[in-house]
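# Descriptive structure summary
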Amino acid sequence: KGMAQARSSGSSRGLLVPHACSLARLAAGVGVAHFVALGAMPFPFCGRRRQVSEPEVRAGNDDSGGSKPPSAVAAKEAFKPLSRAEEAAAAEPNACRDEVSHESSGSTSAALDRDAPSAAASAPEVEDGGSSADDLGWVPAADGELLRSTSFKTAVEAHRCMSRRITGGKSLARILAEVVIDDEEKEEETPSLRVQVRFDEGWKDVAESEASQICDQLENEVYQFSLNLRGHEYAFNFTSYTNASQLNIKTGKRRRLRIMDAPILEEGKDNNSQTPEQVLEQRRFGPQSKRGGASQHPIGKYLEGNQHAQGCFREFEKNEAKYAGEWAVFYHSYSFAALIYEVHAAVASVLFRFRSQYAALPRILVHEFHEIPDATTLLQRFNSEFAENKRDHHPAFRKVGISAMSSLVSTGPEACTARVFVSGYSCKDVGFLNVLERVLEALHVPKDKVTALAGQIIKLSEKHGLDVSQFGGKPCKSQKAGHLMQIFVKRDLVDEIVYAAEPYGPLDVERMPVSRWCDSDASFARGQVRIVAHPKLFMQANCVRLHVASADPTFHRNRQKFQEELIQLILELSDAAGREEAATSIWGGTLPSWWSAEDQRRQS
């Protein structure tokens, strides 16, 4: 559990590369070769951070409608992407009835059209490199390279860089285009991380000036050092972030230390840079999926007869109408990764006040985002490293990035949101049970309990109707293993964590900056995006709001109860000390400013 030596990736100070919202101009103005050359520059997370003391309540839907199960399906038949002609047909109202074959009243079609997944393809598989599969290559490696090997250096650098960019009313694009201020000014305006010391009566903050000195040492990768503070000589040891300590040289008294994120915003402050006029304009444009006169016929075509699925989409449409003013929306389809997402959500509920009853959580390991914290950096890495090596299926890409469409009626490229809802996307054959055990280990479940807990989780999933056939358990009775996550991103955060993408992940220059596209009244019926699913933002409801729907009516109806019982399984294996160790590890070496060791659900 000792600290691994931090990788040296260059200074975080100096020339800043352009943000995603400037990438279109960059690609057009300096050429692809120059753009790719910029891709290797280190660039820690510099976005406006909207951390609040208590995440807002997330809204969700709980439609419990049902439909008769289709015929049995197999999990391994390849999914055939939509061609341009098929995309056009999906949006054509006159083609709907002729291409849909029906079972009895109230049932869903087993084969929605001649080119849709067949009755044997409810869990389609995407070829390696496919841009929308929920590939699990991002899970922690089996070689022990888990969260325990992260460093204080990267945690301190990431937090300080985030803090420097918190400026009222300025877009991130404008900030990154400005001349970088000198180091002295940076340090004066940077909120320090808080360092706490454990006394008999509890944790207490050290003075801000002392905390700054300690963090300076950590940022310089010095983990054992001495400082003279208040006339006393102290020896500090940060070689293990779960057991950091200070030693009074004279008295020999040793006390535990921990590092907390500094509160960047006042409690509950939203820091929205949109003007009232801009919000009203977006509300006038209306729900994103209906803008630009986009045809709504894909919903009727692919979900005809499936009352439950239609109900889920109606709830999504209501959410779009409700949040149109201040939020852009995206849709992430997945299937067998659902169990991993649900485990993430349960752990985040206990440790970080995430409202898991409303949505799952695609990523939770914060330290995975220290090197790729935003869309700009992800694109740099894509062009310099991933473009010729698995593209958006590269494990480093998938650790931080998820694929999404931009509308409920998207017909392409490659995927139709309504068409894939029932079956979802799945990755190629992997050892799913092994994946689950590795995730549990990364979340600090005791090693001798991992196998038993994995078995309990699979049994619990079967009880509530979640398909765990790829984990050695039973499929859901309806054979509808698909799930759809509705992801609302605050409009002034869109360029920071989202970029417009072509299939397989390259930049779609025509739709950049993506925020301008999302703020328009254009049709969103075509267009993929990639989203950096940063847990610190995805767990903050004033940054990102999540809703989820499951194609299987039973699991959709039971999901909240499933989360409650899953959380209890996890709580039975933890105590206060174990929760603090796990939270520090998952959060990337620090803790949220409001964190305490009790069950955080009571504070959400």
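Residues numbered from 1 in each chain as written. Predicted model: local features only at pLDDT ≥ 70, side-chain atom pairs only at ≥ 80, totals over all residues. Heavy atoms only, no water.

### Observations regarding the overall build of the protein chain
- A tally of helices and strands in the protein chain yields 21 helices and 12 strands.
- In the protein chain, once contacts between residues fewer than 6 apart in sequence are set aside, the share between residues at least 24 apart is 79%.
- Of the accessible surface of the protein chain, which amounts to about 22800 Å², a share of 48% is contributed by carbon and sulfur atoms. (Helix = DSSP H or I, 4+ residues; strand = E, 2+ residues; numbered from the N terminus. Contact = heavy atoms within 4.5 Å. Areas by Shrake-Rupley, 256 points an atom, 1.4 Å probe, with all protein chains shown as cover.)

### Focus: the nonpolar core
- Counting residues in hydrophobic clusters, the biggest one holds 96 residues, and the most contacted among them are F330, I497, Y499, I531 and V544.
- Ignoring sequence-local partners within four residues, the contact set of I531 consists of F330, V400, G401, I402, A404, I487, I497, V498 and F538.
- I299, V329, L484 and A525 belong to the second-largest nonpolar core, a separate cluster that totals 22 residues. (Core = buried A, V, L, I, M, F, W, Y, C linked by side-chain atoms within 4.5 Å. Buried < 20%, exposed > 50% of the residue type's maximum accessible area, 1.4 Å probe, protein only.)

### Let's talk about the confidence of the model for the protein chain
- Of all residues in the protein chain, 64% have pLDDT values of 70 or greater, and the mean over the chain is 74.
- Between residues 93–133, whose pLDDT stays under 50, and residues either more than four places distant or in other chains, the model counts 123 contacts.
- When the criterion is pLDDT under 50, residues 142–150 qualifies, and its contacts beyond four places in sequence or with other chains add up to 24 contacts. (pLDDT = per-residue confidence, 0-100.)

### Observations regarding the packing of aromatic side chains
- Enumeration over the complete set of coordinates arrives at 14 aromatic pairs.
- A ring pair is formed by F225 and F238, whose centres lie 6.1 Å apart and whose planes are at 5 degrees; its orientation type is stacked. Of this pair, F225 sits in strand β3 (residues 224–229) while F238 is found in the loop between β4 (232–237) and β5 (245–248), placing the two residues 13 residues apart along the sequence.
- With relative accessibility at 8%, the residue F225 sits in the buried group.
- Residue classification places F238 among the buried residues on the basis of a relative accessible area of 0%.
- Consider the rings of F386 and F397, whose centres lie 6.1 Å apart with planes at 75 degrees: the pair is edge-to-face. Placement of the pair is F386 in helix α12 (residues 375–386) and F397 in helix α13 (residues 395–400), with a sequence separation of 11 residues.
- With a relative accessible area of 0%, F386 lands in the buried category. (Phe/Tyr/Trp six-rings, centres within 6.5 Å; stacked < 30°, edge-to-face > 60°.)

### Describing the pairing of strand β8 (residues 401–405)
- A large share of β8 lies buried, amounting to five of its five residues.
- Here β8 shows a buried face lined by G401, S403 and M405 and a second buried face lined by I402 and A404.
- Examined bridge by bridge, β8 and strand β11 (residues 528–532) share five bridges and lie antiparallel to one another. Paired with A404 across the strands is V529, a residue of β11. (Pairing = 2+ DSSP bridges.)

### Focus on the sheet that holds β5
- With respect to topology, six strands assemble into an open sheet ordered β2-β1-β6-β5-β4-β3, the strand pairing being antiparallel. Edge positions in the sheet fall to β2 (202–205) and β3, since each has one partner strand and no second. Within this sheet the neighbouring strands show an average axis-to-axis angle of 30 degrees, counted without direction.
- Bridge count between β4 and β5: four bridges; the pairing is antiparallel. Within β5, the residue paired with N237 across the bridge is S245.
- Packed onto the sheet, helix α7 (residues 208–219) meets β1 (194–199), β3, β4 and β6 (254–260) and runs at close to 160 degrees relative to β3. (Axes fitted to C-alpha atoms, helices over the stretch in contact; angles between N-to-C directions.)

### A few points about the pattern of salt bridges
- Within the structure shown, the criterion is met by 19 salt bridges.
- Linking R258 and E580 is a salt bridge whose minimum nitrogen-to-oxygen distance equals 3.4 Å. Note that R258 is positioned in strand β6 and E580 in helix α21 (residues 576–587), a separation of 322 residues in sequence.
- Looking at R258, the relative accessible area reads 11%, which means it is buried.
- A relative accessible area of 9% places E580 in the buried class.
- With a closest N to O distance of 4.0 Å, R381 and E371 form a salt bridge. Taken together, the positions of R381 in helix α12 and E371 in the loop between α11 (338–352) and α12 put the pair 10 residues apart, joining distant regions of the chain. (Salt bridge = Lys/Arg side-chain N within 4 Å of Asp/Glu carboxyl O.)

### A look at α12
- Counted at 1.5 Å a residue, the expected span for α12 with its 12 residues is 16 Å, but the 14 Å between its end C-alpha atoms falls short.
- Every buried residue belonging to α12 is among A375, T376, T377, L378, L379, Q380, R381, F382 and F386, and all of these are buried. (Expected span 1.5 Å × (residues − 1).)

### Details of unusual backbone geometry
- Here the amide bond leading from G412 into P413 is cis, since omega sits at 0 degrees, within 30 degrees of zero.
- Looking at the secondary structure, you find P413 in the loop between β8 and α14 (417–421).
- With an omega dihedral of -5 degrees, the bond running from M512 to P513 counts as a cis peptide bond.
- With respect to the secondary-structure elements, P513 resides in the loop between β10 (498–501) and α18 (514–518).
- A positive phi angle, close to 70 degrees, is found at H444, a residue other than glycine.

### Some points on helix α16 (residues 447–464)
- For α16, spanning 18 residues, the distance from its first C-alpha to its last is 26 Å, which sits close to the expected 26 Å at 1.5 Å a residue.
- Buried within α16 are the following residues: V450, L453, A454, I457, I458, L460, S461 and H464.
- In this structure, the buried side of α16 is in contact with α11, α15 (432–442) and α20 (553–571).
- Remark: G465 follows α16 within two positions and exhibits a positive phi of approximately 95 degrees.

### Notes on the packing of α11 against α20
- Contact pair α11 / α20: the axes reach a minimum separation of 9 Å and the direction vectors enclose 55 degrees. Taken together, the axis directions place α11 and α20 in an arrangement best described as oblique. Crossing of α11 against α20: the hand is right-handed. For the pair α11 and α20, contact is made by L339, E342, V343, A345, A346, V347, S349 and V350 and by F555, R559, F562, Q563, L566, I567, I570 and L571, respectively.
- Taken together, the residues of the contact of α11 with α20 sort by class into 12 nonpolar, two polar and two charged. (Parallel < 35°, antiparallel > 145°, perpendicular 65-115°, else oblique. Left-handed = near helix turned anticlockwise from the far one by under 90°. Nonpolar A, V, L, I, M, F, W, Y, C, P; charged D, E, K, R; others polar.)

### With respect to the packing of α11 against α15
- Remark: α11 packs on α15, axes separated minimally by 10 Å, with the N-to-C direction vectors making an angle of 15 degrees. As far as their axial angle goes, α15 and α11 are roughly parallel. Handedness of the α11/α15 crossing: right-handed. In this structure, α11 contributes L339, I340, V343 and H344 to the contact, and α15 contributes V435, L436, V439 and L440.
- Of the residues contributing to the contact of α11 with α15, the split by class is seven nonpolar, one polar and no charged.

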